[in-house]
Amino acid sequence: MKFDNKIPENGGVPIVLTASMIEMSDFNLNPFIAFSGGFPKFIVQKKLYPPVPSNPDGTAKFAPYGLRKVESLLIEEFGEGNVVTVCPSSLHRFIGPKTKIIGISTMDPLGIGFVSRTYTSIFGINGKPATLVEFEDLLSNPALRKYRAKIIVGGSGAWQISSANMQDKLGIDSILIGQAENSLLQIFGKALNGETLDRVITMQIPVDKEIPIIKKPSIYGTVEITRGCGRGCAFCSPTQRQRYSFPLEHILREVELNAKSGTRAILLQTDDVFLYKSKLNFIPNREAIVKLIQDIDKIGGVDYIQIAHASLAPVVYDRKIVEEIAPILVEKSLWRCNNKRCASIEVGIETGSARLMGKYMKGKMLPYKPEQWQDIVVQSVGVLNDNDVHPLATLILGLPGEQKEDILATINLLDRLKGTKIFYVPLLFTSEEECILRGQKHKDLKNLDTLHWEIFARCGRYDINTWKPEINKIVMAGSLLSYPYYRWKHGKKIFKVIMKFSGLDEIFVKRKKGIECQPQYCDPSSNKEVEEK
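No experiment lies behind these values; they were computed from the predicted model shown.

**Points about the state of the cysteines**
Note on terminology: a disulfide is the covalent bond linking the sulfur atoms of two cysteines. Applying the stated rule across the entire model yields one disulfide. Note on cysteine connectivity: C337 is disulfide-linked to C342, with sulfurs 1.8 Å apart. Here C337 and C342 share a disulfide; its torsion about the S-S bond, 45 degrees, makes the bridge right-handed. By the burial criterion, C337 is buried, and C342 matches it. In this model C233 remains outside any disulfide bridge; the closest cysteine sulfur is found in C236, 6.2 Å from its own. Classification of C233 by relative accessible area gives buried; the value is 5%.

**So, the nonpolar core**
By size, the foremost hydrophobic cluster in this structure holds 96 residues, and its most contacted members are F235, I251, I349 and Y424. Ignoring any residue separated from it by four or fewer positions in sequence, one finds I251 in contact with V223, E224, I225, F246, Y276, L292 and I296. Counting 26 residues, the second-largest nonpolar core is a separate cluster that includes V13, L91, A143 and I172.

**Here's the deal with the packing of aromatic side chains**
Scanning all chains against the criterion turns up eight aromatic pairs. Here the aromatic rings of W453 and F456 are separated by 6.2 Å at their centres, their planes lie at 50 degrees, and the arrangement is tilted. Of the two residues, W453 and F456 both sit in helix 15 (residues 450-467), three residues apart, roughly one turn of that helix. Each member of the pair, W453 as well as F456, carries the same accessibility label: buried. With centroids separated by 5.1 Å and ring planes inclined at 70 degrees, the aromatic side chains of Y485 and Y486 adopt a geometry described as edge-to-face. Above the ring of F246, the side-chain terminus of K69 is found at 5.8 Å from the ring centroid. Over the ring of W467 we find K421, and its NZ or CZ is 5.7 Å from the ring centre.

**Focus on the sheet that holds strand 10 (residues 265-269)**
Spatial strand order, 7-10-11: three strands in an open sheet with parallel pairing. Each edge of the open sheet carries a strand with a single partner, namely strand 7 (222-224) and strand 11 (304-307). Taken over all neighbouring pairs, the strand axes of this sheet differ in orientation by 25 degrees on average, direction set aside. Where strand 10 and strand 11 come together, four bridges link them in parallel fashion. When the sheet's bridge partners are listed, L267 is paired in strand 11 with Q306.

**Digging into the environment of N55**
Along the chain, the position of N55 falls in the loop between strand 1 (15-19) and helix 1 (65-78). Taking the relative accessible area as the measure of exposure, N55 reaches 27% and is therefore partly exposed. Residues in contact with N55, not counting those within four places in the same chain, are A60 and K61.

**Comments concerning the pattern of salt bridges**
Using the criterion set out here, one finds 28 salt bridges in the structure. The closest approach of N and O atoms between E454 and R458, which form a salt bridge, is 2.8 Å. With E454 and R458 both in helix 15, this residue pair falls four residues apart, about one helical turn. In this structure E454 comes out as partly exposed when scored by relative accessible area, which is 22%.

**Topic: the packing of helix 1 against helix 7 (residues 184-192)**
Packing of helix 1 against helix 7 brings their axes to within 10 Å, and their N-to-C directions diverge by 60 degrees. Considered as vectors, helix 1 and helix 7 are oriented oblique to each other. Between helix 1 and helix 7 the crossing geometry is right-handed. Residues V70, L73, L74, E77 and F78 of helix 1 form the contact with helix 7, whose own contacting residues are L184, L185, F188, G189 and L192.

**Focus: helix 13 (residues 373-386)**
Look at helix 13: 20 Å from first C-alpha to last across 14 residues, which is about the 20 Å you get at 1.5 Å a residue. If you check which residues of helix 13 are buried, you get W373, Q374, I376, V377, S380, V381, V383, L384 and N385. Elements that come into contact with the buried residues of helix 13 comprise helix 10 (313-317), helix 11 (319-331), strand 15 (346-350), helix 12 (354-360) and helix 14 (404-416). D388 occupies a position one or two residues after helix 13 and carries a positive phi of about 60 degrees.

**Here we look at the packing of helix 15 against helix 17 (residues 494-502)**
One way to put it is that helix 15 packs onto helix 17 with a least axis distance of 8 Å and a crossing angle of 15 degrees. Classified by the interaxial angle, the pair formed by helix 15 and helix 17 is roughly parallel. With respect to the hand of their crossing, helix 15 and helix 17 are arranged in right-handed fashion. Taken together, the residues of helix 17 that come into contact with helix 15 (itself represented by W453, E454, A457, R458, G460, R461 and I464) are I494, V497, K500, F501 and S502. Residues belonging to the contact of helix 15 with helix 17 are distributed by class as follows: six nonpolar, two polar and four charged.

**Observations regarding the confidence of the model for the chain**
Chain-level statistics for the chain give a pLDDT mean of 88 and a share of 92% at 70 or above. Note on residues 515-533: pLDDT is under 50 here. Beyond four places in sequence and across chains, it has 21 contacts.

**Regarding the pairing of strand 16 (residues 392-397)**
Extensive coverage of strand 16 is indicated by the burial of six of its six residues. Burial along strand 16 is two-sided: the face carrying L392, T394 and I396 and the face carrying A393, L395 and L397 are both buried. The pairing of strand 16 with strand 17 (residues 423-428) spans six bridges and is parallel. Its bridge partner lying in strand 17, A393 is registered against Y424.

**Digging into helix 8 (residues 248-260)**
Its 13 residues place the ends of helix 8 18 Å apart at the C-alpha level, agreeing with the 18 Å of an ideal helix rising 1.5 Å per residue. Residues of helix 8 that are buried: L248, H250, I251, L252, E254, V255, N258 and A259.

**With respect to the sheet that holds strand 12 (residues 309-310)**
The strand order 12-15-16-17 describes an open sheet built from four strands, whose pairing is parallel. Edge positions in the sheet fall to strand 12 and strand 17, since each has one partner strand and no second.

**Some points on the pairing of strand 15**
Most of strand 15 is tucked away: five of the five residues are buried. The side-chain alternation of strand 15 yields two buried faces, one formed by E346, G348 and E350 and the other by V347 and I349. Note: strand 12 against strand 15, two bridges, orientation parallel. Bridging across to strand 15, A310 finds its partner in V347.

How each quantity is defined
Residues numbered from 1 in each chain as written. Predicted model: local features only at pLDDT ≥ 70, side-chain atom pairs only at ≥ 80, totals over all residues. Heavy atoms only, no water. Disulfide = S-S within 2.5 Å. Buried < 20%, exposed > 50% of the residue type's maximum accessible area, 1.4 Å probe, protein only. Core = buried A, V, L, I, M, F, W, Y, C linked by side-chain atoms within 4.5 Å. Contact = heavy atoms within 4.5 Å. Phe/Tyr/Trp six-rings, centres within 6.5 Å; stacked < 30°, edge-to-face > 60°. Helix = DSSP H or I, 4+ residues; strand = E, 2+ residues; numbered from the N terminus. Lys NZ or Arg CZ within 6 Å of the ring centre and 35° of its normal. Pairing = 2+ DSSP bridges. Axes fitted to C-alpha atoms, helices over the stretch in contact; angles between N-to-C directions. Salt bridge = Lys/Arg side-chain N within 4 Å of Asp/Glu carboxyl O. Parallel < 35°, antiparallel > 145°, perpendicular 65-115°, else oblique. Left-handed = near helix turned anticlockwise from the far one by under 90°. Expected span 1.5 Å × (residues − 1). Nonpolar A, V, L, I, M, F, W, Y, C, P; charged D, E, K, R; others polar. pLDDT = per-residue confidence, 0-100.

So, in structure tokens, the structure goes:
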């Protein structure tokens, strides 16, 4: 990273906001590829996450949505000339003798979130996750230390630093835990006055009126439509936050701001789109949801609309919601499936076990019962597929107290979902700081059950067969080459996993039964020999 010793023009800016390079990128306008930040750095090349463009003055044209919220609060209080948001590569242009605070936002600084822990463990050869490497690079930037400004870190991943006792090593003065809107101005005011701040500060919960409208465009054109959830999933942080829906006028103003600034896409940030102005017992409000999507669609300059998350029970409860909004989502989708435009959305299947659903996720299937969960999943995915919506679905392996019958129930659910259009993302249970299960032990690859490995292999093979069958030869070759390493790391049990994931087991089974192999795998003459035998 380039750095020079020249003092910035006018002595610098009092408050400088930033985030790591991987968080200051829109991954070429692909929010799902952003998950790769949790993969080992040697896999995630920098060309996957080019930095956001800069304005003529060197500030970031787009920035993470949470950072834009913080920026908006600070501008209102301290004036626009005293606050800037910049990429790490431009920090030396704005940090000077007048700089008092460097605010850093982070989602996964140490790479111990759900995705990072899972996929760095699977792919890594003692490799650090990309999110960790980029966060370390940011904190090692010499511009941060030159004028002894206070370094304050916040964001949804800030808890990782205090939990791992890494604050001193990383040179961070204060860590802010929780939502910013209520407490931020008081904390920054003290820092600007030179007062000493607590090392770790737990923020007070804001009310909706304290949450400002962003003043500058966000990455992906992100706009928050709901905050909090309330369904009570024990492994999830947003369920602990007060739930409210933002007024339509508030949302549309942020959409218009992003559209006029050239973001092209609008990402509707929500823990569940069906919670928007929902009724008692999580009954979805069809009229409000449909109007929201239709009004956003009317705003000029919006090429793409992407919803972040949805739950599955409301799809079964009122399928007309999907039927009414899907045409817009498909028309304004970023995605193509088999050369046909389709929409996607992230959903949480998590498990096929009714027992675990009742124990840890009672609110997830409301207004239905835990024992109905598998039917809800199958029916809702069917409705989504019928409307050209192909969900990305997470599964959580290793929930506390998980038994063999729970894992078998998940495998049974995967069997029931055969033939659907779905992309699976299995994850290891991770006890985040703000969740109910925060005191529970993480699940690690070294103590995975063979049935857990079966799920990983099944999901990987299903995803490839469904979405990218043309890479089968590459996957097969890569699996064979990596087998010695995985055998050394995980033992004999990995053989069946590699066979299933690579697709080799399908080939051998078909040959054994005398079934014709797919042309890309087998020489037809070999099939003839099998049949003759």
